[in-house]
Amino acid sequence: MSFPKKGKFFPKENGYNGTGGHQTNGCFVEEIASALKRSLGDSRAGVKTVAAWTGANEKTVKNWFSGTYGPSGAHLIALSRHSDEVLGTFLAMAGREDLMVAIKLAAAEDAISDLLDAVRQLGGDGQTDQDS
């Protein structure tokens, strides 16, 4: 059985561009590339770091940094696990900025708690004696 002369390619609105490649959502690709550059800079060290985080080939990661292609779902999860910039960008593109605010608030609460513990340890003996 063979394909008819017309109809063996997916329509362009489904993401196929008719030239053997797939169209990518430029906004997604560009936003992730920008987030990676903000997070790690546009250097070879950044590429190596992202490759280690995701297990992806360095050439693939270079394509993410350049905005030629975007990461797959599994790679996007790994990037979000390690980079707050990528996570924030992803949540903003999903229209869920409120979740990023909640994440930042939880991090601020943790930092304040750690700071209070450090202050208590510095003045620990002196204040305990005065309170007794």
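In the block above lies the structure referred to throughout.
## Points about the overall build of the chain
Regarding its fold elements, the chain presents 7 helices and 0 strands. The secondary structure elements of the chain, listed N-terminal to C-terminal, are α-α-α-α-α-α-α. Split into buried and exposed, the 132 residues of the chain put 22% on the buried side. Counting only carbon and sulfur atoms, one obtains 54% of the accessible surface of the chain, whose full area is about 9,500 Å².

## Points about the side chain of Ser-80
Along the polypeptide, Ser-80 turns up in helix α4 (residues 73-82). A relative accessible area of 14% means that Ser-80 is categorised as buried. The contact partners of Ser-80, leaving out residues within four places of it in the chain, are Val-86 and Leu-87.

## As for the environment of Thr-49
Structurally, Thr-49 is set in helix α2 (residues 44-54). In this structure Thr-49 comes out as partly exposed when scored by relative accessible area, which is 29%.

## Re the pattern of salt bridges
If you walk through the whole model with that rule in mind, you get 5 salt bridges. A salt bridge links Arg-38 to Glu-85; the shortest N-O distance between them is 2.8 Å. Of the two residues, Arg-38 is situated in helix α1 (residues 26-40) and Glu-85 in helix α5 (residues 84-93); the sequence distance between them amounts to 47 residues. Classification of Arg-38 as partly exposed rests on a relative accessible area of 46%.

## Some points on α2
Among all positions in α2, only Gly-46, Val-47, Val-50, Ala-51 and Thr-54 are buried. Projected onto a plane normal to the axis of α2, the buried residues spread over an arc of 135° and lie on a single side. Gly-55 lies just past α2 and shows a positive phi near 80°.

## What to know about the nonpolar core
The biggest cluster of nonpolar side chains holds 13 residues, and the ones touching the most others in it are Leu-36, Val-50, Val-61, Trp-64, Phe-65, Leu-79 and Val-86. Of all the elements in the fold, those that place two or more residues in this core are α1, α2, α3 (58-66) and α4. Excluding residues within four positions of it along the chain, Val-61 makes contact with Val-47, Val-50, Ala-51, Thr-54 and Ala-56.

## Some words on the packing of α5 against helix α6 (residues 97-122)
Contact geometry of α5 with α6 gives a least axis separation of 7 Å together with a crossing angle of 145°. Across from Asp-84, Leu-87, Gly-88, Leu-91 and Ala-92 in α5, the residues of α6 making contact are Glu-97, Leu-99, Met-100 and Ile-103. In terms of residue class, the contact of α5 with α6 is built from 6 nonpolar, 1 polar and 2 charged.

## Concerning the packing of α2 against α4
Interhelical geometry of α2 versus α4 gives an angle of 115° and a closest axis separation of 9 Å. When the axes of α2 and α4 are compared, the pair comes out roughly perpendicular. Between α2 and α4 the crossing geometry is right-handed. Facing α2, whose interface residues are Val-50, Trp-53 and Thr-54, α4 presents His-75, Ala-78, Leu-79 and His-82. The class makeup of the residues in the contact of α2 with α4 is 4 nonpolar, 3 polar and no charged.

The rules behind the values
Residues numbered from 1 in each chain as written. Predicted model: local features only at pLDDT ≥ 70, side-chain atom pairs only at ≥ 80, totals over all residues. Heavy atoms only, no water. Helix = DSSP H or I, 4+ residues; strand = E, 2+ residues; numbered from the N terminus. Buried < 20%, exposed > 50% of the residue type's maximum accessible area, 1.4 Å probe, protein only. Areas by Shrake-Rupley, 256 points an atom, 1.4 Å probe, with all protein chains shown as cover. Contact = heavy atoms within 4.5 Å. Salt bridge = Lys/Arg side-chain N within 4 Å of Asp/Glu carboxyl O. Arc of directions from axis to C-beta. Core = buried A, V, L, I, M, F, W, Y, C linked by side-chain atoms within 4.5 Å. Axes fitted to C-alpha atoms, helices over the stretch in contact; angles between N-to-C directions. Nonpolar A, V, L, I, M, F, W, Y, C, P; charged D, E, K, R; others polar. Parallel < 35°, antiparallel > 145°, perpendicular 65-115°, else oblique. Left-handed = near helix turned anticlockwise from the far one by under 90°.

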